[in-house]
Amino acid sequence: MGRKKTIDREALLDIAEEIVTTQGASALTIDAIAKRAGITKGGVQYSFASKDALIDAMFERSTRSYTQVFDHLAGPAPSPLAAMRAHIEASRQSDATANAKAASLMSGLLQTPEHLASTRQWYRERLAAIDPTTEEGRRARLAFFATEGAFLLRFCGFMDFAEGEWDAVIDDALGLIPPHS
């Protein structure tokens, strides 16, 4: 009697990310993943009950490495401005491949209301502690928007940034926030 075959969820997520990155969100189907993985559609559905569950897992995985870097930079109980600096620095330190995947996922998959809502909530939470009635708060908010805009321009392919240019943009954004906040 042979050993029961196991399905590697991470490998299926790799395939799903590749499909979205190279062919667009509309190409992401359970069938496409199954064919690429060499398994049945039921095998994919065993790991991910639905396409929405698959997309949720893709979003969760894409934010995992960012969160680890952010938590390391921010430390325990950071001030709102220190958290904003950590977010901007985490954006700089993120692996380019991971960022490209995240941007592709966001642009392609946020067309569903539930995924758009969770992303909006993440952004609201990231900005919630910043006080826009203060000069420091307004500068931190501007730095955040500049970083997010540059990220999307870079990783959606709207603008090419040389590595030094990317670092300079991040340095400029960080320069808007006091260093010891």
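Quick summary incoming for the structure in this document. (Residues numbered from 1 in each chain as written. Predicted model: local features only at pLDDT ≥ 70, side-chain atom pairs only at ≥ 80, totals over all residues. Heavy atoms only, no water.)

**A closer look at the overall build of the protein**
Note the threshold: Runs of E in the DSSP output that reach at least two residues are strands. Runs of H or I that reach at least four are helices, and both are numbered from the N terminus. The classification of residues rests on relative accessible area computed with a 1.4 Å probe and restricted to protein chains. Under 20% of the type maximum is buried, over 50% is exposed, and intermediate values are partly exposed. Should any heavy atoms of two residues lie within 4.5 Å, those residues are considered in contact. The protein chains shown are the only cover counted for residues, whose accessible areas, like all others here, come from Shrake-Rupley with a 1.4 Å probe.
Within the protein, the secondary structure is distributed over 9 helices and 0 strands. In sequence order, the secondary structure elements of the protein are arranged as α-α-α-α-α-α-α-α-α. Across the 181 residues of the protein, 38% fall into the buried class. Taking as baseline every contact in the protein between residues at least 6 positions apart, the subset at least 24 positions apart corresponds to 62%. Element-wise, carbon and sulfur atoms account for 56% of the exposed surface of the protein, whose accessible area totals about 10,300 Å².

**Some points on the packing of helix H1 (residues 9-23) against helix H4 (residues 51-74)**
So the rule is basically this: With axes taken as lines fitted to C-alpha atoms, and helix axes fitted only over the stretch in contact, angles between N-to-C directions fall between 0 and 180 degrees. Put simply, angles under 35 degrees are roughly parallel, angles over 145 are roughly antiparallel, angles from 65 to 115 are roughly perpendicular, and the rest are oblique. Each residue is assigned to one of three groups, with Ala, Val, Leu, Ile, Met, Phe, Trp, Tyr, Cys and Pro labelled nonpolar, Asp, Glu, Lys and Arg labelled charged, and all others, Gly among them, labelled polar.
Relative to each other, H1 and H4 sit at 90 degrees, their axes nearing to 10 Å. Classified by the interaxial angle, the pair formed by H1 and H4 is roughly perpendicular. Within the contact between the two elements, H1 uses Arg9, Glu10, Leu13, Asp14, Ala16, Glu17 and Val20 and H4 uses Leu54, Ala57, Met58, Arg61 and Arg64. Across the contact of H1 with H4, the residue classes break down as 6 nonpolar, no polar and 6 charged.

**Quick look at the environment of Ile39**
Inspection of the secondary structure assignment puts Ile39 in the loop between helix H2 (30-37) and helix H3 (41-47). According to the relative accessible area criterion, Ile39 is partly exposed, its value standing at 26%. Spatially, the C-alpha atoms of Ile39 and Ile7 are 8.7 Å apart, while their sequence positions differ by 32 residues. With sequence-adjacent residues up to four places away left out, Ile39 is seen in contact with Ile7, Leu12, Ala34 and Val44.

**Considering the nonpolar core**
For clarity, the threshold we go by: Nine residue types can take part in a nonpolar core, namely buried Ala, Val, Leu, Ile, Met, Phe, Trp, Tyr and Cys, and a core is a set of them joined through side-chain atoms within 4.5 Å.
With 18 residues, the main nonpolar core has Leu28, Ile33, Leu54 and Met58 as its most contacted residues. The set of elements that each furnish at least two residues to this core consists of H1, H2 and H4. The element best represented in this core is H1, accounting for 6 residues. Not counting chain neighbours up to four residues away, the residues in contact with Leu54 comprise Leu13, Ala16, Leu28, Ile33 and Phe48.

**Concerning the side chain of Arg126**
To keep it simple, the criterion reads: The charged-residue count follows a simple rule in which Lys and Arg add positive charge and Asp and Glu add negative charge, with His and chain termini not counted at all. Should a side-chain nitrogen of Lys or Arg be within 4 Å of a carboxyl oxygen of Asp or Glu, the pair is scored as a salt bridge. Pairing of N or O atoms within 3.5 Å defines a polar contact, subject to two protein rules: one partner must be a possible hydrogen donor and the other a possible acceptor, and residues neighboring in sequence count only if both atoms are side-chain atoms.
By the secondary structure assignment, Arg126 is in helix H7 (residues 113-128). Of the side chains bearing the opposite charge, Asp71 lies closest to the buried Arg126, which forms no salt bridge; the N-O distance is 6.9 Å. A polar side-chain atom of Arg126 sits 3.3 Å from a polar atom in the side chain of Tyr66. Beyond its immediate chain neighbours, meaning those up to four positions away, Arg126 contacts Tyr66, Phe70, Met84, His87 and Phe144.

**Re the pattern of salt bridges**
As enumerated under the stated definition, the model contains 11 salt bridges in all. The structure contains a network of salt bridges with shared partners spanning Glu10, Asp14, Glu17 and Arg61.

**Here's the deal with a nonpolar patch on the surface**
The condition is simple: Put simply, a patch holds well-exposed residues, over 30% relative accessible area, that have no salt bridge, with like charges counted together within 9 Å and Val, Leu, Ile, Met, Phe, Trp or Tyr side chains within 5 Å.
A surface patch of nonpolar side chains, amounting to about 300 Å² of accessible area, comprises Leu153, Phe158 and Met159. Within the secondary structure, Leu153 is located in helix H8 (residues 135-155). Taking relative accessible area as the criterion, Leu153 reaches 35% and is therefore assigned partly exposed.

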